[in-house]
Amino acid sequence: DDLGTDLIDLISMLFAEGTDFSLKLGYVYPQFLLKKFEGIKGIFASGRIRYVNFPMQSGSSRILTLMKRLYNVDTIRQALAQLRNVAPQTTFCTHLMINFPNESRDDFLASLALADDFDEVLFLNYSDNIDTPAARIFPKVSEAEVRRRLDLASDYANRHKSGRSAVIQDFNCIAPYNIRRQGGK
């Protein structure tokens, strides 16, 4: 909006230039989805958005508050349902962070439930980054519970979203956790 235009205007201008292409949108933040919903819905209704990533981060409102993410999960879910209705051909993706400090089992299960609303899910295992506010949140999820949740997320990804989702244990991994756990490379 700093130049008097936004993503909706840009996409509309691109679509006006021709009809022989579609778009893949990465990292459309949930706050933007809600703020610009009617414009986004119109763009999706064109049938020309083939992929979108809404990085939700968590299915738990409590954890989103700790993350300082200012959106309501239920409101986003309602918006997603409307977008799916007008754009059934679009692949919907999200990122969900698991094992965030202070995340309860119910918070984790809320993220698994939210994953059902997406075609592809990237589960990201939380790790502390020095000097970030999250690094100062306690208690941390125990190592034993981290492993249980990684296994549950892997089972979910492998059973419900096979070939379309991954569980990333850490950013130095050679293969996603769920693929290694399944006996892959």
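Let us look at the structure shown here. (Residues numbered from 1 in each chain as written. Predicted model: local features only at pLDDT ≥ 70, side-chain atom pairs only at ≥ 80, totals over all residues. Heavy atoms only, no water.)

## Some thoughts on the pairing of strand E5 (residues 165-168)
It is a general feature of regular strands that their side chains alternate between the two faces of the sheet.
Reasoning step 1: The two faces of E5 match: Ser-165 and Val-167 on one face and Ala-166 and Ile-168 on the other face are all buried.
Reasoning step 2: Relative to E5, strand E4 (residues 120-125) is paired through 4 bridges, and the arrangement is parallel. Paired with Leu-124 across the two strands is Ile-168, which belongs to E5.
Reasoning step 3: Traced from E4 through helix H7 (residues 143-160) to E5, the parallel crossover comes out right-handed. (Buried < 20%, exposed > 50% of the residue type's maximum accessible area, 1.4 Å probe, protein only. Helix = DSSP H or I, 4+ residues; strand = E, 2+ residues; numbered from the N terminus. Pairing = 2+ DSSP bridges. Right-handed = clockwise from strand over helix to strand, strands pointing away.)

## A closer look at the nonpolar core
Reasoning step 1: With 49 residues, the main nonpolar core has Phe-44, Phe-54 and Phe-123 as its most contacted residues.
Reasoning step 2: Every residue in contact with Phe-44, bar those within four places of it in the chain, is listed here: Ile-49, Val-52, Phe-54, Leu-83, Val-86, Ala-87, Gln-89, Thr-90 and Phe-92. (Core = buried A, V, L, I, M, F, W, Y, C linked by side-chain atoms within 4.5 Å. Contact = heavy atoms within 4.5 Å.)

## Topic: the sheet that holds E5
Reasoning step 1: Here 5 strands make up an open sheet; going across it, the order is E1-E2-E3-E4-E5 and the pairing parallel. This sheet does not close on itself; its edge strands, each paired only once, are strand E1 (23-25) and E5. Put simply, the sheet's adjacent strands are angled 10 degrees from each other on average, direction ignored.
Reasoning step 2: Bridge analysis of strand E3 (residues 91-98) against E4 gives 6 bridges, and the strand direction is parallel. The residue of E4 that forms the bridge with Leu-96 is Phe-123. (Axes fitted to C-alpha atoms, helices over the stretch in contact; angles between N-to-C directions.)

## Focus on the pattern of salt bridges
Reasoning step 1: A full pass over the atoms with the stated rule returns 10 salt bridges.
Reasoning step 2: Asp-6 is the salt-bridge partner of Lys-36, the closest N and O atoms lying 2.8 Å from each other. You can see Lys-36 sitting in the loop between helix H2 (30-35) and helix H3 (37-45) and its partner Asp-6 sitting in the segment before helix H1 (7-16), a full 30 residues away along the chain.
Reasoning step 3: A salt bridge links Glu-103 to Arg-149; the nearest nitrogen and oxygen atoms lie 2.8 Å apart. Of this pair, Glu-103 sits in the loop between E3 and helix H6 (105-115) while Arg-149 sits in helix H7; the two residues are 46 residues apart in sequence, bridging distant segments of the chain.
Reasoning step 4: For Glu-103, a relative accessible area of 4% translates into the label buried.
Reasoning step 5: Linked through salt bridges whose partners overlap, the residues forming this network are Glu-103, Arg-105, Glu-145, Arg-148 and Arg-149. (Salt bridge = Lys/Arg side-chain N within 4 Å of Asp/Glu carboxyl O.)

## Digging into the environment of Leu-23
Reasoning step 1: Its location among the elements puts Leu-23 in strand E1.
Reasoning step 2: Using a relative accessible area of 17% as the deciding quantity, one classes Leu-23 as buried.
Reasoning step 3: For the pair Leu-23 and Arg-50, spaced 27 residues apart in sequence, the C-alpha separation works out to 5.9 Å.
Reasoning step 4: Apart from the residues lying within four places of it in its own chain, the contact partners of Leu-23 are Ile-11, Leu-14, Phe-15, Arg-48, Ile-49, Arg-50 and Tyr-51.

## What about helix H5 (residues 73-86)?
Think of an α-helix as turning once every 3.6 residues; residues three or four places apart then point the same way.
Reasoning step 1: With 14 residues, H5 extends 20 Å between its outermost C-alpha atoms, agreeing within 8% with the 20 Å of an ideal straight helix rising 1.5 Å per residue.
Reasoning step 2: Restricting attention to buried positions, one finds in H5 the residues Val-73, Ile-76, Ala-79, Leu-80 and Leu-83. The buried residues of H5 occupy an angular sector of 120 degrees when projected down its axis, which confines them to one face. Those residues of H5 that are exposed and aimed more than 90 degrees away from the buried face are Gln-78 and Asn-85.
Reasoning step 3: Where H5 begins, one side-chain oxygen reaches toward the backbone nitrogen of Asp-74, 2.8 Å away; that side chain belongs to Asn-72. (Expected span 1.5 Å × (residues − 1). Arc of directions from axis to C-beta. Polar contact = N/O pair within 3.5 Å; in protein donor to acceptor, adjacent residues only side chain to side chain.)

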